[in-house]
Amino acid sequence: MLSFPQPGTVTVCEINRDLFTADNLSDDRAKECYGKALVHLLPEVNLQGVSWHQHKHILAFVSGLNQVTIRDYEDTEGKDPSILHGDFQREVKLVEWRPNSGRTLSVACKGGICIWAASYPGNPASVRSGATPFVGSISKGSGTRWTLVDFLKSDEHISALSWSPDGRYPYFCLHFDVVLAIAPSANLGDGTPFRRGWGGISILRWSPTGDYFFAAMFDGTFYLWETGTWTSQPWSSSRGFVTGATWDPDGRMILLSFSNSSTLGSVHFASKPPSLVAHLLPVDLPEISTRTNSQQIEKIAWDASGERLAISFKEGDELYRGLIAIYDVRRTPLIAASLVRLFLEGGGVASALQAADL
C-alpha cells in the first residue's frame, strides 16, 4: 500500500516502505533511523560532480569546495578553462547543464542553485530582473566569460538535480522529496511538489528524449519511470547504491556505477517507449581491478558522441591512485568498452578526456 508523509513534515528516510518523518531535518533524527550511516554518507558521496554538455564538447566539473571548472574542447585557441565561483557558491555538490539553453550551467550548493550563462562581446548574458545583488558576478580565466545570471535560494539540502529535457524546469530534491520548481522563482521552496515520499534520493536523470526518468536511492534501490503515465519499475542491485548514472545520447540505455563494484551496469529497454521492459546487464571493465586493484568506481562521464567514457576509481594500488581511465565505447546494441589509456588526473576527468583527443 502506498504511504505518504503528512503535509508539512519532512521525510527523513524510508525503511521497508515505511516513511520516517520529522518536523524538520536534523542529524539527530537521521541517526535514529539509519544510525550513523546516512549522516556519514551524505558529505562523502559526490554523485554528480561531472557533467557533459548535451550538444557540445564542453565539460563542467567540481574542482574545489566552492569552485567549478569548465573546459571547452571546441576552443581552437587553447585558452585556459573558466573558473566559476562567487559569494553564493559555497560547498558545491552538483553540476548540471540546462538543455536547450545554449551554454547555461546550474550549480547546486549550500543555500541554493547558481545559474551561470556564457557571455560574449556584444552579447552579454541576461540577468534575471529582481535577482539578488550578487548576481552578475563574472568567472575567472582566459576562456569564455561566464556570468552568474540567477540564484535560486534554498535553506534545505539539495541531494539531486536534473533539468527537464526542454530546459523549462529544474527537478530537484529538498529533504529527499522531488520538487518541481516553477520558473522564474528565486526561492526553491516555492516549487510545486512533484513526487513525495520516495525516501533518500541521491540521483535524478531525465533521458535526452524525455521518455524516461531515473531516480536512485541511498538504500540501493533505483526506479525507472516512463513519463507518459508516470508508471515506474523498481530495481535493486547487490553491488551497493548507485554512485553515477548517465544516459547514452539517444536515450536508449542508461549506464550505472555502484558503490561496491568495479563493474558497471547497463539498463537496456526491450522495446520503444513507454515500455518499461528492460534488462540490467553487466559491463565488465576488468582493467580496473586487475591493473589498479581497485574495487570501486567513483565517477563516470560519457561524452556527447557516446564514443568515449571517462572513469575515476577509489583506492587501489598506490601506483595507480589519482588516475583516470578512458574507454572506447561501442553500442551494437549492447555496450562494449575497451581501455584506451590511463591518465594522470591533473585537472581530473576533464584533462584525461582532452588528452584522449575528444
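Sequence positions are assigned chain by chain, starting from 1 and proceeding in written order. For this predicted model, a pLDDT threshold of at least 70 governs which residues receive local features, and a threshold of 80 or more governs which side-chain atom pairs are given and counted, while totals over whole chains, interfaces and linings are taken from all residues. The side-chain quantities take in all heavy atoms of the structure and omit both hydrogens and water.

Trainee: Teacher, can you tell me more about the overall build of the chain here?
Mentor: Scanning the chain for helices and strands turns up four helices and 26 strands. For the chain, the residues scored as buried account for 53% of the 358 residues in total. Residue contacts are counted whenever heavy atoms from the two residues lie within 4.5 Å of one another. Summarising the internal contacts of the chain: among those between residues at least 6 apart in sequence, 45% fall at separations of at least 24. Using the Shrake-Rupley algorithm and a 1.4 Å probe, accessible areas are obtained, with residue cover drawn only from the displayed protein chains. Total accessible area on the chain stands at roughly 16,200 Å², and carbon and sulfur atoms take up 48% of it. Per the convention used, a helix needs a DSSP run of H or I reaching at least four residues, while a strand needs a run of E reaching at least two, with both numbered from the N terminus. Burial classes follow relative accessibility: with a 1.4 Å probe on protein chains only, a residue under 20% of its type's maximum area counts as buried, one over 50% as exposed, and anything between as partly exposed.

Trainee: Got a minute to help me understand the confidence of the model for the chain in this structure?
Mentor: Atom-level detail of predicted coordinates should not be read off regions where pLDDT is low. Within a predicted model, pLDDT stands for the predictor's per-residue confidence, ranging from 0 to 100. Residue-level pLDDT values for the chain average 75, and 69% of them are 70 or greater. Per-residue pLDDT stays below 50 along residues 12–20; that stretch engages in 33 contacts with residues further than four places along the chain or on separate chains. Segment residues 344–358 is flagged for pLDDT under 50; beyond a separation of four residues in sequence, or across chains, it makes 40 contacts in the model.

Trainee: Please explain the nonpolar core as it appears in this structure.
Mentor: In a soluble, globular protein the nonpolar side chains are often hidden away together inside. One finds Val68, Ile70, Leu105, Val107 and Cys114 to be the most contacted residues of the largest nonpolar core, which totals 19 residues. Put simply, the parts of the chain that give this core at least two residues each are β4 (58–64), β5 (67–72), β7 (90–97), β8 (104–110), β9 (112–119) and β10 (145–153). When sequence neighbours within four positions are dropped, the list of residues in contact with Val68 reads Ala60, Phe61, Ser63, Ser82, Ile83, Leu84, Gln89, Val92, Val95, Leu105 and Val107. Buried residues of nine kinds, namely Ala, Val, Leu, Ile, Met, Phe, Trp, Tyr and Cys, make up a nonpolar core once their side-chain atoms join them within 4.5 Å. By size, the runner-up hydrophobic cluster in this structure holds 18 residues, among which are Leu309, Phe313, Val329 and Ile335.

Trainee: What exactly am I supposed to notice about the layout of surface pockets here?
Mentor: A water-sized probe rolled over the atoms picks out the places where empty space is left. A pocket here means an open set of points on a 1 Å grid, computed over the protein atoms alone, that has protein on both sides within 12 Å along at least five of seven lines. A cavity is instead a set of points where a 1.4 Å probe fits but cannot get out; residues with an atom within 4 Å of a point line either one. Grid points are joined across faces, edges and corners, and a volume is the space filled by probe spheres set on the points. Here the largest pocket defines a volume of roughly 750 Å³. Lining the largest pocket are 39 residues, with Ser51, Trp52, Gln54, Glu96 and Thr246 positioned closest to its centre. Elements represented by at least two residues in the lining of the largest pocket include exactly β3 (50–52), β7, β11 (158–163), β15 (201–206), β19 (242–247) and β23 (296–302). Only Asp, Glu, Lys and Arg are considered charged, only Ala, Val, Leu, Ile, Met, Phe, Trp, Tyr, Cys and Pro nonpolar, and every remaining residue, Gly among them, polar. Its residues placed into classes, the lining of the largest pocket shows 16 nonpolar, 15 polar and eight charged.

Trainee: I'm lost on the sheet that holds β8 in this one. Help?
Mentor: Strand-to-strand pairing in sheets goes through backbone hydrogen bonds, with the strands running parallel or antiparallel. If you walk across this open sheet you meet the four strands as β7-β8-β9-β10, and the pairing is antiparallel. What marks the edges here is a single partner per strand, and that holds for β7 and β10. Going across the sheet, the axis of each strand differs from the next one's by a mean of 25°, ignoring polarity. A strand pair is defined by DSSP finding two or more bridges across the two strands. Across six bridges, β8 lies against β9 in antiparallel orientation. The partner of Ala108 across the bridge, within β9, is Ile113. Note on geometry: axes are lines fitted to C-alpha atoms, helical ones only across the stretch in contact, with angles between N-to-C directions running from 0 to 180 degrees.

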